[in-house]
Structure formats: C-alpha cells, structure tokens
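# Residue-level structural notes
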Amino acid sequence: VLLCPFLTRSFLPYFMPIFLLGILLFLFKTKKIAPLELVIISVFTSIEIVFFHNLATFSFAILAFLSILFFSNFKNRILDFLGKISYSIYLFHSITGILILNYCAHLHLNKFYLFMSIIFSMLVTVLFSYFVYFLVEKPSKKLSSKFKYH
C-alpha cells in the first residue's frame, strides 16, 4: 500500500476503469465515438478490471455495461419511479441502512430475519426517498425553473 497508494480502494484511480465504461457508453450513445472505438477501449478496460478487481466487481460492471448498451430504451413504471427518486435513494440509503441493519444485527436474529431486515431497510429507504423527492426535490425543481440563466 505504501508503494502504490493509488491502488488502494479508497482512492479514485482504483475505480476509474469502472467509471470509464460508463463514460464510453455515454460517448457512444451520443455518437462521439465509433463502435470500433467502443469495443477496443471496453475490452482493454475490462481486462484491467479483471486484474485489479475481483470477479464480482467485473461481473456487475459488465452486466451494467451490457444492460445500458442493449436495453437503454427499455421502459418500465417501477424503474422510472426508482429513477425519479434515485438521488434521494443515493443520499439516504446509507443512513437508513445503517440504522436499521445495525439495530437488527444486535438482536441476534437468524439468517432469514437478517435477510428480511435488509428487505425492510430497502423499503424504508425507498419510502423515505419518495417523501424527500415529493416534498423537497420536486418543489425545488419547480422553483428553479422560474429562474432565467443567461
């Protein structure tokens, strides 16, 4: 770690290959790069992910990459709803997750109840995020649309 501090998991360059896949998809979808460029750079980036990350990280990165590449026009009401509240989910998932899961972990529950506490934590996060979206985000967006920027 002292010899290569940039390879620690807490440092941004460690995650850059994963971010690069998303950037490549954006550039491809906006027609800024050709399909051949997408393939070549994605292959090299994927090889780097295989060498510097574990198999699970590689699998999720490739799954997300292929899903966005081939199914970006897929419409679903549930996914649209989660997309609208995604910023609130991002902001509050760790808080609600830590509170609920930490509490449940101290109850010495069996594995089924621990799994159910994870599901419950996810539901609370979505519910709380919806209220924040409805009470804060949506009115803020409406208010900000009244300002004119030059």
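Each value, and the rule that gives it
- Residues numbered from 1 in each chain as written.
- Predicted model: local features only at pLDDT ≥ 70, side-chain atom pairs only at ≥ 80, totals over all residues.
- Heavy atoms only, no water.
- Helix = DSSP H or I, 4+ residues; strand = E, 2+ residues; numbered from the N terminus.
- Rg over C-alpha atoms; globule rule 2.2 N^0.38 Å.
- Buried < 20%, exposed > 50% of the residue type's maximum accessible area, 1.4 Å probe, protein only.
- Areas by Shrake-Rupley, 256 points an atom, 1.4 Å probe, with all protein chains shown as cover.
- Lys, Arg positive; Asp, Glu negative; His and termini not counted.
- Charge placed at Lys NZ, Arg CZ, Asp CG, Glu CD.
- Axes fitted to C-alpha atoms, helices over the stretch in contact; angles between N-to-C directions.
- Parallel < 35°, antiparallel > 145°, perpendicular 65-115°, else oblique.
- Contact = heavy atoms within 4.5 Å.
- Nonpolar A, V, L, I, M, F, W, Y, C, P; charged D, E, K, R; others polar.
- Core = buried A, V, L, I, M, F, W, Y, C linked by side-chain atoms within 4.5 Å.
- Phe/Tyr/Trp six-rings, centres within 6.5 Å; stacked < 30°, edge-to-face > 60°.
- Left-handed = near helix turned anticlockwise from the far one by under 90°.
- pLDDT = per-residue confidence, 0-100.

## Considering the overall build of the protein chain
A tally of regular secondary structure across the protein chain gives 6 helices and 0 strands. When the helices and strands of the protein chain are read in sequence order from the N terminus, they spell out α-α-α-α-α-α. Taking 15 Å as the expected radius of gyration for a compact globule of 150 residues, we find that the protein chain reaches 20 Å, considerably beyond that expectation. Among the 150 residues that make up the protein chain, the fraction classed as buried is 21%. On the protein chain, roughly 12000 Å² of surface is accessible, and the fraction owed to carbon and sulfur atoms is 75%. If the 13 positive side-chain charges of the protein chain are averaged to one point and the 4 negative ones to another, these points end up 12 Å apart.

## Quick word on the packing of helix α2 (residues 35-52) against helix α3 (residues 55-71)
Running from amino to carboxyl end, α2 crosses α3 at an angle of 160 degrees, the nearest separation of the two axes being 10 Å. Of the possible angle classes, the one that applies to α2 and α3 is roughly antiparallel. Within the contact between the two elements, α2 uses L38, S42, S46, I49 and V50 and α3 uses F58, A61, I62, F65 and L69. Across the contact of α2 with α3, the residue classes break down as 8 nonpolar, 2 polar and no charged.

## Digging into the side chain of S129
In this structure, S129 sits in helix α6 (residues 111-144). What S129 contacts, discounting residues up to four positions off in sequence, is I85, S88 and I89.

## Section: the nonpolar core
Core analysis: the biggest nonpolar cluster contains 9 residues, these being L21, L24, L25, I33, L38, I49, A61, F65 and L69. Of all elements in the fold, only α1 (12-29), α2 and α3 reach the threshold of two or more residues within this core. In this view, L21 contacts S42, T45, S46, I49, A61 and F65; residues no more than four positions away in its chain are not counted.

## Overview of unusual backbone geometry
Negative phi characterises most residues that are not glycine, and trans characterises most peptide bonds. Positive phi, normally seen in glycine, also occurs at K31, with a value near 60 degrees. Summarising the element assignment, K31 is placed in the loop between α1 and α2.

## Brief notes about the packing of aromatic side chains
Across all of its chains, the model carries 7 aromatic pairs by this definition. Judged by centre distance (6.0 Å) and plane angle (20 degrees), the rings of Y130 and F134 are stacked. Of this pair, Y130 and F134 both sit in helix α6, 4 residues apart, roughly one helical turn. Of the residues examined, F134 reaches a relative accessible area of 43% and is grouped as partly exposed. Site record: aromatic cluster; members linked through ring pairs are F81, Y130, F131 and F134.

## Observations regarding the packing of α1 against α2
The geometry of α1 relative to α2 is characterised by a closest axis approach of 9 Å and an angle of 165 degrees between their N-to-C directions. The angle between α1 and α2 places the two elements in the roughly antiparallel class. Two packed elements cross with a definite hand, and for α1 against α2 that hand is left-handed. Contact with α1, carried on its side by Y14, P17, I18, L20, L21, L24, L25 and F28, involves P35, L38, I41, S42, T45, S46, E48, I49 and F52 of α2 and no other residues of that element. Grouping the constituent residues of the contact of α1 with α2 by class yields 13 nonpolar, 3 polar and 1 charged.

## Re the side chain of S117
By the secondary structure assignment, S117 is in helix α6. On the basis of relative accessibility, which here comes to 5%, the residue S117 falls in the buried class.

## Focus on the confidence of the model for the protein chain
Here the protein chain averages 87 in pLDDT, and 92% of its residues register 70 or above. Of all helices and strands in the protein chain, the one with the weakest mean pLDDT is helix α5 (residues 86-105) (88), whereas α2 scores best (93).

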